[in-house]
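For reference, the chains in residue letters:
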Amino acid sequence: MIWIFVAIIAAYLVYYFLSGDIRKASKVLAYSLNVKPTMVVECISAMRKDPSVGVGTTSRQQFYCRSVVGTHGNLEQLGSLVKVFYIYQVLKNPHDQNVLWWSERMKDCGFDSQISALDRQTFESFFDVEHSSFKDFTNAHNKMLI
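Residues numbered from 1 in each chain as written. Predicted model: local features only at pLDDT ≥ 70, side-chain atom pairs only at ≥ 80, totals over all residues. Heavy atoms only, no water.

Examining the environment of Ser-67
Okay, step 1: Mapped onto the elements, Ser-67 comes out in helix H4 (residues 60-70).
Okay, step 2: Distance from Ser-67 to Gln-89, taken between C-alpha atoms, is 19 Å for residues 22 residues apart in sequence.
Okay, step 3: Among the polar contacts listed, one links the side chain of Ser-67 to the backbone oxygen of Phe-63, at a separation of 2.8 Å. (Helix = DSSP H or I, 4+ residues; strand = E, 2+ residues; numbered from the N terminus. Polar contact = N/O pair within 3.5 Å; in protein donor to acceptor, adjacent residues only side chain to side chain.)

Following this line, the structure appears as structure tokens:
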């Protein structure tokens, strides 16, 4: 009986330490945009898990989480990483009202809602999207917000 209790505690500790970066990153992003952390966790879990050439053996998902946690809440450093979450939400539901709602949320929290070429490139490094259609989408997005 005691072995079952020890196994449950060990499983919880393994989960706690392995998911630490994701939980910290989701809290930082959720706090900076005033959204639920589960929305951020959903975005992070949808990211590519393969390693990037530029970051060694670290997965893109882990690199994103460590980058968010490494900003320590600095809004200037957090800007491009918040844009990744913003673009994910807009792509997930591209309805005009949803796009306008997220755009207002970004502006209210001190971030720019326009998607620049650098923002597109950053998003493409974390998500697998088709380049030309994504570029057309972001151009249409920026025109809608003007």
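Let's talk about the packing of helix H7 (residues 117-126) against helix H8 (residues 131-145)
Okay, step 1: Across the interface, H7 lies against H8 with an axial gap of 11 Å and an inter-helix angle of 135 degrees. Our classification of the angle between H7 and H8 gives oblique. Of the two possible hands of crossing, H7 and H8 adopt the one that is right-handed. Facing Arg-120, Phe-123 and Glu-124 of H7, the residues of H8 in contact are His-131, Phe-134, Lys-135, Thr-138 and Asn-139.
Okay, step 2: Of the residues assigned to the contact of H7 with H8, the class counts are two nonpolar, three polar and three charged. (Axes fitted to C-alpha atoms, helices over the stretch in contact; angles between N-to-C directions. Parallel < 35°, antiparallel > 145°, perpendicular 65-115°, else oblique. Left-handed = near helix turned anticlockwise from the far one by under 90°. Contact = heavy atoms within 4.5 Å. Nonpolar A, V, L, I, M, F, W, Y, C, P; charged D, E, K, R; others polar.)

A closer look at the pattern of salt bridges
Okay, step 1: The full count for this structure, using the stated rule, is four salt bridges.
Okay, step 2: The closest approach of N and O atoms between Arg-48 and Asp-50, which form a salt bridge, is 3.1 Å.
Okay, step 3: For Arg-48, a relative accessible area of 23% puts it in the partly exposed group.
Okay, step 4: The class for Asp-50 is partly exposed, based on a relative accessible area of 30%. (Salt bridge = Lys/Arg side-chain N within 4 Å of Asp/Glu carboxyl O. Buried < 20%, exposed > 50% of the residue type's maximum accessible area, 1.4 Å probe, protein only.)

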